[in-house]
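A look at the structure
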Amino acid sequence: GEDVEQSLFLSVREGDSSVINCTYTDSSSTYLYWYKQEPGAGLQLLTYIFSNMDMKQDQRLTVLLNKKDKHLSLRIADTQTGDSAIYFCAAPYNQGGKLIFGQGTELSVKP
Amino acid sequence: SAVISQKPSRDICQRGTSLTIQCQVDSQVTMMFWYRQQPGQSLTLIATANQGSEATYESGFVIDKFPISRPNLTFSTLTVSNMSPEDSSIYLCSVGDRGHYNEQFFGPGTRLTVL
């Protein structure tokens, strides 16, 4: 079955770029997703990428997909203190629209 | 995207009791799911709530412990039965629609503490 792995922590300075990485195992995944969870809040869908794309850009967010290596990354340009949160990557598994989530990467942005 | 609300937002319960969590969506949706997020952990899918039929449970979760109802396309409930401290978690409802990009949208979650 599908397995999704992420590094647990990332610390950057305000204004720098952040890169959060994710690996997955199921090459048949059609879409891959990035979610953001702020302290005490639910999950917010940040962006997604279709499996036939290599890159997707949305304002400060850039998603890169390397299908050969089954590697997904989320780059946040000009990181702000408001970007401090836990970021989850997610991939579909089995049928029925179910998602499996990575462990989450806690991003800490220092002024 | 759909607007999803959950009740209660948080609760503190005694061991051995049960709590029912409600999830309400502002539009009809095809799929509704229930997840658990234990402290400091990722999300684990409990079950898919099926409208008009029994929920489909993931490995490790059973109907007796987590009964689920879905009477229509905008509402579902999850009950956490005979609670123990190990059930202390955030419980999240999510919705999806196969007509779009298979993305799921999440409710704000219910933070449950069992003493």
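Residues numbered from 1 in each chain as written. Chains lettered and ligands numbered in written order. Predicted model: local features only at pLDDT ≥ 70, side-chain atom pairs only at ≥ 80, totals over all residues. Heavy atoms only, no water.

Counting its secondary structure elements, chain B contains zero helices and eleven strands. Beginning at the N terminus, the succession of helices and strands in chain B can be written as β-β-β-β-β-β-β-β-β-β-β. Computed over C-alpha atoms, the radius of gyration of chain B comes to 13 Å, within 12% of the 13 Å expected from 2.2 N^0.38 for 115 residues, which places it in the range of a compact globule. Reported as C-alpha extents along the three principal axes, the dimensions of chain B are approximately 40 × 25 × 20 Å. The buried share among the 115 residues of chain B stands at 50%. Across chain B, every contact between residues at least 6 apart in sequence was considered, and the portion connecting residues at least 24 apart equals 54%. Carbon and sulfur atoms provide 47% of the accessible area of chain B, an area that totals close to 5,500 Å². Of the charged side chains in chain B, 8 are positive and 9 negative, and the gap between their average positions amounts to 6 Å. (Helix = DSSP H or I, 4+ residues; strand = E, 2+ residues; numbered from the N terminus. Rg over C-alpha atoms; globule rule 2.2 N^0.38 Å. Buried < 20%, exposed > 50% of the residue type's maximum accessible area, 1.4 Å probe, protein only. Contact = heavy atoms within 4.5 Å. Areas by Shrake-Rupley, 256 points an atom, 1.4 Å probe, with all protein chains shown as cover. Lys, Arg positive; Asp, Glu negative; His and termini not counted. Charge placed at Lys NZ, Arg CZ, Asp CG, Glu CD.)

What follows deals with the overall build of chain A. Of regular secondary structure, chain A possesses zero helices and eleven strands. Counting from the amino terminus, chain A carries its helices and strands in the arrangement β-β-β-β-β-β-β-β-β-β-β. For 111 residues, the compact-globule estimate of 2.2 N^0.38 gives 13 Å, and chain A sits close to it at 13 Å. Once the C-alpha set of chain A is aligned to its principal axes, its extents read approximately 45 × 30 × 20 Å. Here chain A, with 111 residues, has 44% of them falling under the buried criterion. Restricting to contacts in chain A with at least 6 residues of sequence separation, those with at least 24 account for 54%. A total of about 5,500 Å² of accessible surface is found on chain A, and carbon and sulfur atoms cover 49% of it. Charge centroids of chain A, computed over 10 positive and 13 negative side chains, lie 2 Å from each other.

According to the stated counting rule, one finds five salt bridges over all chains in the structure shown. The salt bridge involving A:Arg60 is made with A:Asp83; its shortest N-O contact spans 2.9 Å. One end of the pair, A:Arg60, is in the loop between β6 (55–58) and β7 (61–66); the other, A:Asp83, is in the loop between β8 (71–76) and β9 (85–92), and 23 residues separate them in sequence. Linking B:Lys65 and B:Asp87 is a salt bridge whose minimum nitrogen-to-oxygen distance equals 2.7 Å. You can see B:Lys65 sitting in the loop between β6 (56–57) and β7 (68–72) and its partner B:Asp87 sitting in the loop between β8 (75–80) and β9 (89–96), a full 22 residues away along the chain. Residue classification places B:Asp87 among the buried residues on the basis of a relative accessible area of 5%. (Salt bridge = Lys/Arg side-chain N within 4 Å of Asp/Glu carboxyl O.)

Before going further, it helps to spend a moment on the sheet that holds strand β1 (residues 4–7) of chain B. All names here are of chain B. Spatially, β1-β3-β8-β7 is the arrangement adopted by the four strands of the open sheet, whose pairing is antiparallel. In the strand order of this sheet, the two ends are held by β1 and β7, each with one partner. Across the sheet, the mean angle from the axis of one strand to that of its neighbour is 15°, orientation sign disregarded. (Pairing = 2+ DSSP bridges. Axes fitted to C-alpha atoms, helices over the stretch in contact; angles between N-to-C directions.)

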